[in-house]
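What follows is each chain in one-letter form.
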Amino acid sequence: ELLALTFSGSSQSGTSPIPAPRRPCYLGFMPWHGYPKILRMTRRSEFDAAFESPVKAKDPVLQLHARLNGLGRPRLGIVVGRKVRTAPARNRIKRLIREAFRLNREKFASGWDYLFLPRKTEKLTLAEVAASVVKLAHKAVPPEREAAAP
(Lines give C-alpha, C1' and ligand atoms only; values in the text may rest on other atoms or scores of the structure.)
Protein backbone atom coordinates (compact mmCIF):
# COMPACT_ATOMS: atom_id res chain seq x y z
CA GLU A 1 0.00 0.00 0.00
CA LEU A 2 1.38 3.40 -0.97
CA LEU A 3 1.54 6.10 1.66
CA ALA A 4 0.59 9.70 0.99
CA LEU A 5 3.58 11.75 -0.20
CA THR A 6 3.61 14.48 2.41
CA PHE A 7 6.56 16.31 3.91
CA SER A 8 7.35 15.61 7.52
CA GLY A 9 10.34 16.70 9.56
CA SER A 10 13.76 17.47 8.15
CA SER A 11 17.19 15.94 8.29
CA GLN A 12 19.87 17.89 10.14
CA SER A 13 22.91 16.28 8.51
CA GLY A 14 24.75 19.61 8.15
CA THR A 15 26.25 18.71 4.76
CA SER A 16 23.89 20.85 2.72
CA PRO A 17 22.91 24.46 3.45
CA ILE A 18 19.31 23.47 2.74
CA PRO A 19 18.02 20.65 4.91
CA ALA A 20 16.44 17.90 2.86
CA PRO A 21 12.99 17.06 4.24
CA ARG A 22 12.17 13.39 4.32
CA ARG A 23 8.98 12.00 2.94
CA PRO A 24 7.24 8.69 3.41
CA CYS A 25 7.02 6.41 0.42
CA TYR A 26 6.51 2.72 -0.16
CA LEU A 27 10.25 2.07 0.47
CA GLY A 28 10.32 3.88 3.82
CA PHE A 29 11.63 7.42 4.27
CA MET A 30 13.62 8.96 1.45
CA PRO A 31 15.30 12.39 1.21
CA TRP A 32 13.52 15.09 -0.76
CA HIS A 33 15.54 16.31 -3.76
CA GLY A 34 13.36 19.27 -4.60
CA TYR A 35 14.23 22.47 -6.42
CA PRO A 36 13.08 25.29 -4.11
CA LYS A 37 13.01 28.93 -5.13
CA ILE A 38 16.09 29.79 -3.02
CA LEU A 39 18.16 27.67 -5.44
CA ARG A 40 17.10 29.75 -8.47
CA MET A 41 18.41 32.92 -10.00
CA THR A 42 15.30 35.04 -10.46
CA ARG A 43 16.25 38.66 -11.15
CA ARG A 44 17.52 40.12 -14.39
CA SER A 45 20.36 41.83 -12.49
CA GLU A 46 21.57 38.41 -11.30
CA PHE A 47 21.61 37.08 -14.86
CA ASP A 48 23.41 40.21 -16.13
CA ALA A 49 26.05 39.89 -13.39
CA ALA A 50 26.60 36.22 -14.28
CA PHE A 51 27.00 37.07 -17.99
CA GLU A 52 29.62 39.70 -17.10
CA SER A 53 31.57 37.32 -14.85
CA PRO A 54 34.99 36.20 -16.14
CA VAL A 55 34.40 32.63 -14.87
CA LYS A 56 33.25 30.69 -17.94
CA ALA A 57 33.45 27.19 -19.36
CA LYS A 58 31.92 25.38 -22.31
CA ASP A 59 31.72 22.02 -23.99
CA PRO A 60 29.77 20.77 -27.04
CA VAL A 61 26.52 20.49 -25.05
CA LEU A 62 26.40 23.53 -22.72
CA GLN A 63 28.03 26.84 -21.92
CA LEU A 64 28.44 27.98 -18.29
CA HIS A 65 28.86 31.42 -16.72
CA ALA A 66 29.56 31.32 -12.96
CA ARG A 67 29.98 33.98 -10.27
CA LEU A 68 30.19 34.22 -6.49
CA ASN A 69 26.83 35.01 -4.92
CA GLY A 70 27.80 35.27 -1.23
CA LEU A 71 24.72 33.31 -0.13
CA GLY A 72 26.39 30.06 0.88
CA ARG A 73 24.35 27.95 -1.53
CA PRO A 74 24.52 27.20 -5.25
CA ARG A 75 21.88 28.78 -7.49
CA LEU A 76 20.88 27.87 -11.02
CA GLY A 77 19.96 30.10 -13.96
CA ILE A 78 19.04 28.89 -17.45
CA VAL A 79 18.84 30.90 -20.66
CA VAL A 80 17.49 29.25 -23.82
CA GLY A 81 17.32 31.63 -26.77
CA ARG A 82 14.86 31.73 -29.63
CA LYS A 83 17.40 29.89 -31.75
CA VAL A 84 15.53 26.89 -30.37
CA ARG A 85 12.45 27.49 -32.46
CA THR A 86 9.51 26.08 -30.53
CA ALA A 87 8.48 26.69 -26.93
CA PRO A 88 8.12 22.95 -26.17
CA ALA A 89 11.71 22.39 -27.32
CA ARG A 90 12.97 25.30 -25.17
CA ASN A 91 11.01 24.03 -22.17
CA ARG A 92 12.39 20.50 -22.61
CA ILE A 93 15.97 21.79 -22.57
CA LYS A 94 15.24 23.82 -19.42
CA ARG A 95 13.67 20.79 -17.72
CA LEU A 96 16.70 18.64 -18.54
CA ILE A 97 19.16 21.20 -17.12
CA ARG A 98 17.02 21.72 -13.99
CA GLU A 99 16.79 17.98 -13.38
CA ALA A 100 20.54 17.52 -13.88
CA PHE A 101 21.18 20.31 -11.33
CA ARG A 102 18.63 18.91 -8.90
CA LEU A 103 20.07 15.39 -8.99
CA ASN A 104 23.68 16.58 -8.62
CA ARG A 105 23.16 19.52 -6.26
CA GLU A 106 25.71 18.29 -3.71
CA LYS A 107 28.45 18.35 -6.39
CA PHE A 108 28.13 22.12 -6.90
CA ALA A 109 30.26 24.58 -4.92
CA SER A 110 28.28 26.51 -2.33
CA GLY A 111 28.13 30.27 -2.76
CA TRP A 112 28.18 30.32 -6.57
CA ASP A 113 25.60 31.17 -9.24
CA TYR A 114 25.63 28.87 -12.26
CA LEU A 115 24.12 30.17 -15.51
CA PHE A 116 23.77 27.56 -18.26
CA LEU A 117 23.12 28.12 -21.96
CA PRO A 118 22.58 25.21 -24.36
CA ARG A 119 24.92 24.84 -27.34
CA LYS A 120 23.54 21.56 -28.66
CA THR A 121 19.77 21.60 -28.93
CA GLU A 122 18.84 18.45 -30.82
CA LYS A 123 18.31 15.03 -29.25
CA LEU A 124 19.64 15.84 -25.79
CA THR A 125 19.40 13.16 -23.11
CA LEU A 126 19.38 13.60 -19.35
CA ALA A 127 22.59 11.57 -19.01
CA GLU A 128 24.35 13.78 -21.55
CA VAL A 129 23.16 16.99 -19.89
CA ALA A 130 23.95 15.75 -16.36
CA ALA A 131 27.50 14.78 -17.32
CA SER A 132 28.02 18.15 -18.98
CA VAL A 133 26.57 20.13 -16.06
CA VAL A 134 28.83 18.43 -13.49
CA LYS A 135 31.93 18.60 -15.70
CA LEU A 136 31.47 22.31 -16.44
CA ALA A 137 30.77 23.16 -12.79
CA HIS A 138 34.05 21.51 -11.73
CA LYS A 139 35.93 23.07 -14.63
CA ALA A 140 34.70 26.60 -13.90
CA VAL A 141 34.87 26.41 -10.10
CA PRO A 142 37.80 24.16 -9.15
CA PRO A 143 38.47 23.36 -5.46
CA GLU A 144 40.89 26.29 -4.99
CA ARG A 145 38.19 28.75 -6.12
CA GLU A 146 35.58 26.93 -4.06
CA ALA A 147 37.67 27.45 -0.94
CA ALA A 148 37.67 31.22 -1.58
CA ALA A 149 33.87 31.31 -1.50
CA PRO A 150 32.25 32.56 1.76
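What counts and what doesn't
Residues numbered from 1 in each chain as written. Predicted model: local features only at pLDDT ≥ 70, side-chain atom pairs only at ≥ 80, totals over all residues. Heavy atoms only, no water. Phe/Tyr/Trp six-rings, centres within 6.5 Å; stacked < 30°, edge-to-face > 60°. Buried < 20%, exposed > 50% of the residue type's maximum accessible area, 1.4 Å probe, protein only. Helix = DSSP H or I, 4+ residues; strand = E, 2+ residues; numbered from the N terminus. Pairing = 2+ DSSP bridges. Right-handed = clockwise from strand over helix to strand, strands pointing away. Axes fitted to C-alpha atoms, helices over the stretch in contact; angles between N-to-C directions. Contact = heavy atoms within 4.5 Å. Polar contact = N/O pair within 3.5 Å; in protein donor to acceptor, adjacent residues only side chain to side chain. Core = buried A, V, L, I, M, F, W, Y, C linked by side-chain atoms within 4.5 Å. Expected span 1.5 Å × (residues − 1). Arc of directions from axis to C-beta.

Engineer: What is the right way to look at the packing of aromatic side chains in this model?
Structural biologist: Aromatic ring pairs are reported here in terms of the distance separating the ring centres and the angle at which the planes meet. Scanning all chains against the criterion turns up 2 aromatic pairs. Centre to centre, the rings of Phe 101 and Phe 108 are 4.9 Å apart; their planes meet at 55°, and the pair counts as tilted. Neither residue differs from the other here; Phe 101 and Phe 108 are each classed as buried. Here Phe 108 and Tyr 114 contribute two aromatic rings whose centre-to-centre distance is 4.8 Å and whose plane-to-plane angle is 75°, an arrangement assigned as edge-to-face. Taking relative accessible area as the criterion, Phe 108 reaches 5% and is therefore assigned buried.

Engineer: Is there a simple way to think about the pairing of strand S5 (residues 75–78) in this case?
Structural biologist: The side chains of a regular strand alternate, residue by residue, between the two faces of the sheet. Where burial is concerned, the two faces of S5 agree: the one with Arg 75 and Gly 77 and the one with Leu 76 and Ile 78 are both buried. When S5 meets strand S6 (residues 112–118), the two strands line up parallel, connected through 4 bridges. Considered in S6, the bridge of Gly 77 is made with Leu 115. After leaving S5, the chain enters helix H2 (residues 87–103) and then returns to the sheet as S6, a path that is left-handed.

Engineer: When you look at the sheet that holds strand S3 (residues 55–58) in this model, what are you seeing that I'm missing?
Structural biologist: The mixed open sheet is built from 4 strands, whose spatial order is S3-S4-S6-S5. The open sheet has two edge strands, S3 and S5, and neither has a second partner. Averaged over all pairs of adjacent strands, the angle between their axes in this sheet comes to 20°, without regard to strand direction. Running at roughly 105° to strand S4 (residues 62–68), helix H1 (residues 44–52) makes contact with S3, S4, S5 and S6 of the sheet.

Engineer: Looking at this structure, how should I read the side chain of Asp 59?
Structural biologist: For Asp 59, the position within the fold is in the loop between S3 and S4. At a separation of 2.6 Å, a polar atom in the side chain of Asp 59 contacts the side chain of Ser 132. In contact with Asp 59, other than residues within four places in its own chain, are Arg 119, Ser 132, Lys 135 and Leu 136.

Engineer: Mind showing me how you'd approach the nonpolar core here?
Structural biologist: A general tendency of soluble globular proteins is for nonpolar side chains to be buried together. Residues Leu 62, Ile 97, Tyr 114, Phe 116 and Val 129 are the most contacted members of the largest nonpolar core, which totals 30 residues. Among the secondary structure elements, those contributing two or more residues to this core are S3, S4, S5, H2, S6 and helix H3 (126–140). Sorting elements by how many residues they give to this core places H3 first, with 6 residues. Beyond its immediate stretch of four places on either side in the chain, Tyr 114 contacts Met 41, Leu 64, His 65, Ala 66, Pro 74, Arg 75, Leu 76, Gly 77, Phe 108, Ala 109, Ala 137 and Val 141.

Engineer: I keep staring at H2 and nothing clicks. Help me out?
Structural biologist: Since one α-helical turn is 3.6 residues long, residues separated by three or four positions face the same way. Compared with the 24 Å implied by 1.5 Å per residue over 17 residues, the 24 Å span of H2 between its first and last C-alpha is a close match. Within the sequence span of H2, burial applies to Arg 90, Ile 93, Leu 96, Ile 97, Ala 100 and Phe 101. Along the axis of H2, the buried positions cluster into a sector of 130°, meaning they face one direction only.

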